[in-house]
Amino acid sequence: YGFLLEVPAGAVRLKEGCVVKVKACLPKTTPVGLRLLSAVYEITTPGSDQHPLGPVNVEIEHCAHIQQEDELKQLCFLTSAMGSSDSQSPLQLQKTKNLVGKFSPKSCYGSIRLTKFSFFGIFDDSSTEVIYSAKVYLQNESFIKKAIYFILLKYHTVHEKAIEKHYLPYSREEVSVQDVVFSDGSSQVKLNIEREQDYEGWKIWTNSHPLIISKRAVESFKPGKSPPECKVLAKASDGAENCLYHINLEGTEQPKSVTVNLSRNDGPIPQTGYSIWSKIVIALFIAMGFIAVALLMYFLSSVGHCTSIESWRDADNFLKYGIVDEWRDLGSELGLENSILTAIELNHKQNVERMRQEMIRKWFDRSPQPCWETLIQALQRIDQNRLARIIEQEMLSWNVSNAHTIQFLLAANLTALLVYFCIQNR
């Protein structure tokens, strides 16, 4: 551990000086309920008088990780008089009113001003009561439906601003209780609310049951994260009047309760209360819906109409297995003139495969819209029924695959939207 001793001029006799020793944590040294956070130091002088001529400043390092101002009160200096440690009387450290230390958040050092040399060290006084702040925010989800948010946190200005930023402007603070203390042995605060009940014309229900906030969740909360909360929903029935709804807290040192004023039409209804993740999920669902609708329109437009062939090679991949010498007859049925077919035959003499390919390419170049239906009809007219059926079956499988894709996207989109809105309105 680090150690810094500042001795002002004249505080110690130059001939004597002072001696600093580091002590181990001896048995029975630490009082019950306290935890040692630093080394125990001993400052002495060669002389018998242990009082310096003037105060000296000491700064020592501790191992506590303090982030907030309100956590500093758990740290303290303990001291013991000189000469109190021997084999019969072990060193006894205790709090002293005159020994008040200074600590800063996010710093691992504590400082004191000594007017008498002694043993001393830094401890964590875990017996110090930590006081928490309970807040209730009321949000209007509709003119008759309210969301009640119960939050428990350590009181701190930064926390307060984070809470307001999280719940405002579509919520209003209903009540604030500043002196909530966990009872002995309790590690959580519970809201004494039934899972579902009727209260003076209002239906009260909870998203989860029981409603609990743990001390661990409160201790680990930091600005920028979602605060530890419990959510209660209230919905007014026909003829329901304004009323006060009381919520008792369990697990606190003193009996505590909060009162919520339930009233109809008493504030704005949130229009943009969705979180960033909710917006992303909704955008994905909308995109899936657009894709499904686009595929559906494409599929419907292709039913009963000409299905275009993307490339002459796609057609040739089918024809090469059944068209050999019949290539000229097929070209005639596809509308090519005899002069064109004769030129193809002369240019690729003795190479039937090249003749067939050139015929298909000429058909693609001269036809305004070459399509599978035209090719199938031409094959049927030259008695190539088997090849025509193969192409028809392949087109049918494509249509079925497209239909299944559309059905899956539509079903996934509708199911996801249904699940999402069910969760949002639980």
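Rules of the game
- Residues numbered from 1 in each chain as written.
- Predicted model: local features only at pLDDT ≥ 70, side-chain atom pairs only at ≥ 80, totals over all residues.
- Heavy atoms only, no water.
- Helix = DSSP H or I, 4+ residues; strand = E, 2+ residues; numbered from the N terminus.
- Contact = heavy atoms within 4.5 Å.
- Areas by Shrake-Rupley, 256 points an atom, 1.4 Å probe, with all protein chains shown as cover.
- Phe/Tyr/Trp six-rings, centres within 6.5 Å; stacked < 30°, edge-to-face > 60°.
- Buried < 20%, exposed > 50% of the residue type's maximum accessible area, 1.4 Å probe, protein only.
- Pairing = 2+ DSSP bridges.
- Core = buried A, V, L, I, M, F, W, Y, C linked by side-chain atoms within 4.5 Å.

### With respect to the overall build of the protein chain
Item 1. Check the secondary structure of the protein chain and you find nine helices and 19 strands.
Item 2. The contacts in the protein chain between residues at least 6 apart in sequence include a share of 72% that link residues at least 24 apart.
Item 3. Accessible surface for the protein chain amounts to roughly 24700 Å². Of this, 52% is attributable to carbon and sulfur atoms.

### Side note on the packing of aromatic side chains
Item 1. For the structure on display, the rule yields six aromatic pairs.
Item 2. Between the aromatic rings of Tyr199 and Tyr245, the centroid separation amounts to 5.0 Å while the plane-to-plane angle is 75 degrees, which identifies the pairing as edge-to-face. With Tyr199 in strand E14 (residues 196–199) and Tyr245 in strand E18 (residues 243–250), this residue pair connects regions lying 46 residues apart in the sequence.
Item 3. The class of Tyr245 is buried, set by a relative accessible area of 3%.
Item 4. Grouped by ring-pair contacts, the aromatic residues Phe3, Tyr41 and Phe120 constitute a single cluster.

### What about the sheet that holds strand E7 (residues 102–103)?
Item 1. In space, the four strands of this open sheet follow the order E1-E5-E8-E7, with antiparallel pairing throughout. On the outer flanks of this sheet lie strand E1 (3–6) and E7, each paired with one strand and no other.
Item 2. Direction of pairing for strand E5 (residues 56–61) relative to strand E8 (residues 109–114): antiparallel, over a ladder of six bridges. Each residue of the ladder has a partner; that of Ile60, found in E8, is Gly110.

### Observations regarding the nonpolar core
Item 1. Residues Phe150, Leu152, Leu191, Trp202 and Leu262 are the most contacted members of the largest nonpolar core, which totals 29 residues.
Item 2. Those elements that place two or more of their residues in this core are strand E10 (132–140), strand E11 (145–154), strand E13 (188–191), strand E15 (202–206), strand E16 (211–214), strand E17 (229–236), E18 and strand E19 (256–262).
Item 3. Residues in contact with Leu262, not counting those within four places in the same chain, are Leu138, Ile148, Trp202, Ile204, Ala234, Glu241, Asn242, Cys243 and Tyr245.
Item 4. Of all hydrophobic cores here, the second largest spans 28 residues; its members include Leu319, Leu336, Met359 and Leu375.

Geometry only, nothing functional implied.
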